[in-house]
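In case you want the letters, here they are:
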Amino acid sequence: MNKLLLFSLTFLLFFSCKETVKGVISENAMVVSAREEVSMIGKNILQKGGNAFDAMAGMELALAVAYPYAGSLGGGGFMVYRLDDGSIGGLDFREKAPLAASKNMYLDSITQEVIPNKSTLGAMAVGIPGNIAGIFASHEKYGKLPMSEIIEPVIALAKKGVVVTKKQQERLEEYRSEFLKVNDANFLFAKAWKANDTIKRLQLAKTLERIQKNGRDEFYKGETAQKLVAFMQQSGGIMTLEDLAKYEVKWRTPITFTYDDLRVISMSPPSSGGICLAEIMKAIEPYAVDEFGHNTVKSIQLITEAERRAYADRNYFLGDPDFVTIPTETLLSETYIRERMANFSFEKATPSSEVAHGNIEIVESNETTHYSIVDQFGNAVSVTTTINGAYGSKLYCEELGFFLNNEMDDFSAKPGEPNMFGLIGAEANSIAPEKRMLSSMTPTIVEKNGKLYMVVGTPGGSTIITSVLQTILNVHEHKMGMQEAINQPRFHHQWLPDTIKMEPDGFSPEIQAKLTKLGYTIDATNSPVIGKVEGILVLPNGKLEGGADPRGDDKAVGF
């Protein structure tokens, strides 16, 4: 009860301030992440003459130290980048299914029902991690500083330790009983850590020292690989040395589209982020969104109806493009989108049962993290990274010092059956060896008149896409700065369940009543946080405004 009261008061403070809220302003470079320690490592790398890709490597590793809730050497993610010359690209370092994975691996062989917790808790839930491969691939192609120099301050941070925040204490308390189901009672995070305690990550420091000395192969073929596989097999998993040795990242072409005078660059499949964002923005583009006003009944209605249709398409069509054919061109064509919106009316809600594609309910784990970087050379990097659930599979390798993901749960364990988050998948996202699981991660870069304008992204599972969308619209349509845009209350609709989720205290009873009268179901009780956006805006004078989400311990720093 106290936590909810505190949250409500905090929200009222955000939203009752009428004066313009300014983020951190800097001249040359800006980084924004989930923890101050991580942002400082990124900033210091840039100040040493490193670029955005050097900072990306340092920050990805620092998240494993400072933010184990979602950062780990045992995870994966996506990066979208834009170089100072305007060229763009995407890097997919998403986890993959092990070679021994099979379509029905989470089903009871007799009943053919999904076995509870098998895809979420413990060793069988773990996909082959991509984070280390991701930072080395990115650095090899575009980095400037030696990798050993980038890793050094992260090792120092792991040895010195990170101070526990109040929010971190609450998260550790919440998941302790889950930790103990799959770990030894004496492991590092089993202790009742309190705010202001310092957690030293000495085993992780040793792992990082080996990676610093031996490079990428240390994780995928070296001593670390051997220790990881021995631990996984002893814990009942199916990961092998061959799985690690075979892991490769994929360079992907981002999804790009225009909206008014903006060009939006976002992640392509196996992330659903770019396609969904494009579908929603293209659907609302013909309307006078700026005239409807911010978070008005008309705006909420239009955005909700566009989201409803995009999410209905998401799970049916999308999966790993190396395994399934995705009709991207059709999904993003104006004709198709116009047809999808043909039955939309401001007079009443369109029930989700009338919008095609069966009973696919999309709920993904929220425990991801995002960081945005603009360096002094004009390069921009947007990275969303995850171990899926909070602390991933909850399985912690004490000897190596990190949590393992439970990314296998993002596959459809049984097409038509919900996973632990209620996500009912389609055939496109069924399990296969070496396949990458579908994601909502939406690292995004926006250009205006051919120049860098915004770098944005967020955690939040299925709410990622809508949080990124609303932040871009707040800046573009409603003329807000980055911090002000991030602070605004957010809402979310994902087709099924047929409900508009709203952050509590962010929307007036009048607005909720009007929407209810139009036939919408509102839930403003159950979703205290929708996204934790990290954004950077290039101001008209060329300076950078960093916005860090006050919903977390997030921090923007620049110079």
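Residues numbered from 1 in each chain as written. Predicted model: local features only at pLDDT ≥ 70, side-chain atom pairs only at ≥ 80, totals over all residues. Heavy atoms only, no water.

### Things to note about the domain arrangement of the protein
Often, the extent of an interface is quoted as the loss of accessible area upon association of its parts.
No. 1: One can read the domain layout of the protein as domain 1 (24–251 + 370–408) and domain 2 (254–358 + 442–552).
No. 2: Of note, the centres of domain 1 and domain 2, computed from C-alpha atoms alone, are 27 Å apart.
No. 3: In this assembly, 35 residues from domain 1 lie in contact with 37 residues from domain 2.
No. 4: The interface formed by domain 1 and domain 2 holds 3 salt bridges in total.
No. 5: With a closest N to O distance of 3.0 Å, Lys250 and Asp322 form a salt bridge.
No. 6: Counting across the domain 1 and domain 2 interface gives 11 residue pairs in polar contact (both at pLDDT 80 or more).
No. 7: By residue class, the composition of the side of domain 1 that touches domain 2 is 18 nonpolar, 11 polar and 6 charged. (Domains from an automatic or database assignment. Contact = heavy atoms within 4.5 Å. Salt bridge = Lys/Arg side-chain N within 4 Å of Asp/Glu carboxyl O. Polar contact = N/O pair within 3.5 Å; in protein donor to acceptor, adjacent residues only side chain to side chain. Nonpolar A, V, L, I, M, F, W, Y, C, P; charged D, E, K, R; others polar.)

### Topic: helix H5 (residues 147–160)
No. 1: Look at H5: 21 Å from first C-alpha to last across 14 residues, which is about the 20 Å you get at 1.5 Å a residue.
No. 2: Of all the residues in H5, the buried ones are Met147, Ile150, Ile151, Val154, Ile155, Leu157 and Ala158.
No. 3: Looking at the buried side of H5, the elements it contacts are helix H2 (36–47), helix H3 (52–66), helix H4 (131–142), strand E5 (162–163) and helix H7 (202–214).
No. 4: One or two residues past the end of H5 sits Gly161, with phi positive at roughly 100 degrees. (Helix = DSSP H or I, 4+ residues; strand = E, 2+ residues; numbered from the N terminus. Expected span 1.5 Å × (residues − 1). Buried < 20%, exposed > 50% of the residue type's maximum accessible area, 1.4 Å probe, protein only.)

### A word on the pattern of salt bridges
Pairing of side chains with opposite charge becomes possible as their charged atoms draw close.
No. 1: Tallying each qualifying case throughout the model produces 31 salt bridges.
No. 2: One salt bridge in this structure joins Asp92 and Arg252, with 2.9 Å as the shortest N-O distance. Separated by 160 residues along the polypeptide, Asp92 in strand E4 (residues 88–93) and Arg252 in strand E7 (residues 250–252) bring together distant segments of the chain.
No. 3: Notably, a salt bridge pairs Arg263 with Glu447, separated by 3.3 Å at the nearest N-O pair. With a gap of 184 residues between them, Arg263 in strand E9 (residues 262–266) and Glu447 in strand E14 (residues 444–448) connect regions that are remote in the sequence.
No. 4: The class for Arg263 is partly exposed, based on a relative accessible area of 29%.
No. 5: Take Glu447: its relative accessible area is 6%, and that puts it in the buried class.
No. 6: Within the structure, one salt-bridge network assembled from shared partners comprises Asp92, Lys250, Arg252, Asp320, Asp322 and Arg436.

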